[in-house]
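So you can see what is in the structure, the chains are spelled out below.
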Amino acid sequence: MTQRQLPLAEAFIEGQRIPARDTFADLDPSTGRPCARVSRCGPAEIDRAVTAARTAFEKTWRRTTAATRAAACRAVAGTLRAHRRELAELECLDTGKPISQAYTDADVAARYFDFYAGSVEALHGRTLLDHPDLLAYTLQEPHGVCGHIIPWNYPMQITARTLAPALAAGNTCVLKPAEDAPLTPLRIAELATEAGLPAGVLNAVPGTGPEAGAALAAHPGLDHLAFTGSRRTGRSVMTAAARGIVPVTLELGGKSPHLVFPDHDPAATVPRIVTSVIEHAGQNCSAGTRVLVHEGVHAQVSTALAEAFTGLRIGPGAEDPDLGPLISARQRGTVLDHIDAGRKAARLVVGGGVPDVAAGGFFVEPTLFDDVPPDAAIAQEEIFGPVLCVTPFGDAAEAVALADATTYGLSAGVWTRDIGLAHAVARALRVSQVFVNTYSAAGGVELPFGGYRQSGFGREKGFAALLEYTRVKAVAIQVDPL
Ligand code: ADP
């Protein structure tokens, strides 16, 4: 395909595509070749989008009823389902993820819009104070114009996860997709408007982080900013938002552990641990990247993990392998650097190299390290690749201490048939999601999700996200007794 024939991903503002002034290449990670040209937007387009969102908020969206917004969200869900195949193929092309995972992401994206359609109809304030001469109550009000900066790993799911509650709650939105995977977010913005969202309610502006992203984070016209991405960028986004006292939600990744106790069920544990770390080649904020295993079953679990890792199929996303490529050459370089450091600190059991699959793609072998010291960099830092670290523990208290011994706190898996132990460990862990004898739970649309400690703050998913996209107003009225 020549450069001229490549699809052009343009900004979508006030219900229209905005012709690109300049473009950059978007690469297919499975081949390393360009798959689209992307409009290189900057402060001018961001400003135009924020202005459109403000107008739509004041003139239209804030005046709608919850029932109207619920119907709009249901219509968006229906349209996403009707375009399921197109969206899944686009996501697979743009991110390199296996096509079956891309289909799941399309389904989960539609489910977010359905879930928040239902939830917003159940959102209500409270009556306060039992007082003879006062009536006091609360209102849950939208923030106004919300900015959303999202990453490249789950563009479709994260677009829906962040937009659906914001829109349902009555906000208008400006979305900045990642430069490495902007295709499905831009398409969703267009489809949502075709489904009936009024022009300007949802705007999407592609571009680089330092140009479009930084302009959105610093825009004085925002009332709320949601960011999902790296800790480094999260810090700079939060600093920019702080200047205008704009409230932020930050989702900054994790180093999520599995805690495997002696009475676990190996037939369930091992396959689910493997899936949790190889899904989208480990490029997942809540990837289960550390296995903390009781020393009594350490050898068996390590052997089973090694067998499973050895049998994994790797290849281009369209061939639906177990894992596809990483997003970019840069990301592959980062992951290989982590693996090299890991070789010096721990025992490499499987993988560690670049596999001999499709030339040009950004592939890394699924990699298993054992006897990983808890303070090794591979046990501490978010790698964002298919790298699993095994560390043994002696008792439950040590397991929890190891689980908490990073600066992150996002998700955890607990593998035991002892229900008392499972509850005690769930309570002790400093993470926002604990899965017992499972992991991830069907996309977790209904389950609140977010950071403890440096994984960020604010909650996404579930009813909690709807509250996050509102603020509470208290009204007190003097009522003179009769
Ligand atoms: P990665 O380094 O893995 O690409 P980032 O956290 O930098 O992850 O990217 C997440 C999102 O943040 C992307 O949409 C990216 O364009 C955006 N971004 C990057 N740098 C900035 C910045 N300085 N200000 C605002 N957004 C940014």
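Residues numbered from 1 in each chain as written. Predicted model: local features only at pLDDT ≥ 70, side-chain atom pairs only at ≥ 80, totals over all residues. Heavy atoms only, no water.

Chemist: What's the story with the site of the ligand in this structure? I'm lost.
Modeler: Taken together, 19 residues surround the ligand, and among them I150, K176, E179, S230 and T233 come closest. At a separation of 2.7 Å, an oxygen atom of the ligand approaches a polar side-chain atom of K176. Summarising the interface, the protein chains cover 84% of the accessible area of the ligand, which totals 550 Å² for the free molecule. Counting residues per element, the shell around the ligand draws most heavily on helix 8 (residues 231-243), at 4 residues. Here the residues of the shell around the ligand sort into 8 nonpolar, 7 polar and 4 charged. (Near = heavy atom within 4 Å. Polar contact = N/O pair within 3.5 Å; in protein donor to acceptor, adjacent residues only side chain to side chain. Areas by Shrake-Rupley, 256 points an atom, 1.4 Å probe, with all protein chains shown as cover. Helix = DSSP H or I, 4+ residues; strand = E, 2+ residues; numbered from the N terminus. Nonpolar A, V, L, I, M, F, W, Y, C, P; charged D, E, K, R; others polar.)

Chemist: Sorry, what's going on with the environment of M156 here?
Modeler: Within the element layout of this structure, M156 appears in helix 5 (residues 155-168). Taking the relative accessible area as the measure of exposure, M156 reaches 0% and is therefore buried. Sequence-wise, M156 and L87 are 69 residues apart; in three dimensions their C-alpha atoms are separated by 8.2 Å. The contact partners of M156, leaving out residues within four places of it in the chain, are L87, A88, E91, A102, D105, A106, A109, T184 and I188. (Buried < 20%, exposed > 50% of the residue type's maximum accessible area, 1.4 Å probe, protein only. Contact = heavy atoms within 4.5 Å.)

Chemist: Just to check I follow, could you spell out the sheet that holds strand 15 (residues 347-350) for this structure?
Modeler: Think of a sheet as strands paired side by side through backbone hydrogen bonds, with each pair either parallel or antiparallel. Taken in spatial order, the 7 strands line up as 15-16-17-14-13-18-19 in an open sheet, and their pairing is mixed. Edge strands, defined here as strands with exactly one partner in the open sheet, are strand 15 and strand 19 (433-436). With strand direction ignored, the average angle separating the axes of adjacent strands in the sheet is 25 degrees. Pairing of strand 13 (residues 256-260) with strand 14 (residues 288-294) involves 5 bridges; the strand directions are parallel. By the bridge assignment, S256 is partnered in strand 14 with G288. (Pairing = 2+ DSSP bridges. Axes fitted to C-alpha atoms, helices over the stretch in contact; angles between N-to-C directions.)

Chemist: Looking at this structure, I do not really get the environment of A358. What am I missing?
Modeler: Along the polypeptide, A358 turns up in the loop between strand 15 and strand 16 (367-370). If sequence neighbours within four positions are ignored, A358 has contacts with S30, P316 and F363.

Chemist: Help me understand the sheet that holds strand 7 (residues 134-142) in this model?
Modeler: Ordered by their spatial adjacency, 3 strands build an open sheet running 6-7-23, and the pairing between neighbours is antiparallel. Unpaired on one side and paired on the other, strand 6 (127-131) and strand 23 (470-478) mark the two borders of the sheet. Strand-to-strand, the axes of this sheet are offset by a mean angle of 15 degrees, without reference to chain direction. Looking at chain direction, strand 6 and strand 7 are connected through 3 bridges and run antiparallel.

Chemist: Is there a simple way to explain the layout of surface pockets in this structure?
Modeler: A water-sized probe, rolled over the atoms, reveals where empty space remains. Considering only enclosed or pocket space, the largest pocket measures out at about 1,200 Å³ in volume. What lines the largest pocket is a set of 42 residues, and nearest its centre among them are G229, S230, R232, T233 and R330. With 7 residues, helix 8 is the largest single contributor of residues to the lining of the largest pocket. If you count residues domain by domain, the lining of the largest pocket takes at least three from each of domain 1 (3-252 + 457-473) and domain 2 (256-445). (1 Å grid on protein atoms, 1.4 Å probe; cavity = no way out; pocket = protein on both sides within 12 Å on 5 of 7 lines; lining within 4 Å. Points joined across faces, edges and corners; volume = space filled by probe spheres on them. Domains from an automatic or database assignment.)

Chemist: When you look at the packing of aromatic side chains in this model, what are you seeing that I'm missing?
Modeler: Aromatic ring pairs are reported here in terms of the distance separating the ring centres and the angle at which the planes meet. The final tally for this structure, using the stated rule, is 4 aromatic pairs. An angle of 85 degrees between the planes, with centres 5.5 Å apart, marks the rings of W152 and F384 as edge-to-face. Here W152, found in the loop between strand 8 (145-149) and helix 5, pairs with F384, found in the loop between helix 12 (377-380) and strand 17 (387-393); they are 232 residues apart in sequence, far enough to count as distant. In this structure, W152 and F384 share a single accessibility class: buried. Above the face of the Y154 ring, K97 is positioned so that its terminal group lies 4.0 Å from the ring centre. Directly above the ring of F449 sits K461, whose terminal nitrogen or CZ lies 4.9 Å from the centroid. (Phe/Tyr/Trp six-rings, centres within 6.5 Å; stacked < 30°, edge-to-face > 60°. Lys NZ or Arg CZ within 6 Å of the ring centre and 35° of its normal.)

Chemist: Looking at this model, I keep getting lost on the pairing of strand 5 (residues 33-39). Mind explaining?
Modeler: Each regular strand displays side chains that alternate between the two surfaces of the sheet. For strand 5, the tally of buried residues reaches 5 of 7 residues, placing the bulk of the element in the interior. Taken together, the 2 bridges between strand 1 (residues 8-9) and strand 5 define a ladder with parallel strand orientation. The residue of strand 5 that forms the bridge with L8 is R37. Sheet analysis places strand 4 (residues 23-28) next to strand 5, joined by 6 bridges and oriented antiparallel. Residue pairing in the sheet places L27 in a bridge with P34 of strand 5. The antiparallel hairpin formed by strand 4 and strand 5 contains 4 residues in its connecting segment, where G32 sits at a positive phi of about 75 degrees.

Chemist: I tried to follow the domain arrangement of the chain on my own but got confused; where do I start?
Modeler: Frequently, the measure chosen for interface size is the accessible area that the parts lose on association. Split by domain assignment, the chain resolves into domain 1 (3-252 + 457-473) and domain 2 (256-445). Here the C-alpha centre of domain 2 lies 30 Å away from the C-alpha centre of domain 1. The tally of links from domain 1 across to domain 2 stands at 0 salt bridges. Counting across the interface, domain 1 meets domain 2 through 12 residue pairs in polar contact (both at pLDDT 80 or more). Where the side of domain 1 that touches domain 2 is concerned, the elements lending two or more residues are helix 3 (84-95) and helix 4 (99-121). Counting residues per element, the side of domain 1 that touches domain 2 draws most heavily on helix 4, at 8 residues. Split into classes, the residues belonging to the side of domain 1 that touches domain 2 amount to 12 nonpolar, 10 polar and 8 charged. (Salt bridge = Lys/Arg side-chain N within 4 Å of Asp/Glu carboxyl O.)

Chemist: Looking at this structure, how should I read unusual backbone geometry?
Modeler: Phi is mostly negative for residues that are not glycine, and the peptide bonds are mostly trans. Backbone geometry at E14 places phi at a positive 50 degrees, although glycine is not the residue there. Mapping E14 onto the fold places it in the loop between strand 2 (11-13) and strand 3 (16-18). Of the residues examined, E14 reaches a relative accessible area of 45% and is grouped as partly exposed. The backbone of D320 shows a phi angle near 50 degrees, a positive value even though the residue is not glycine. Its location among the elements puts D320 in the loop between helix 10 (298-310) and helix 11 (329-345).

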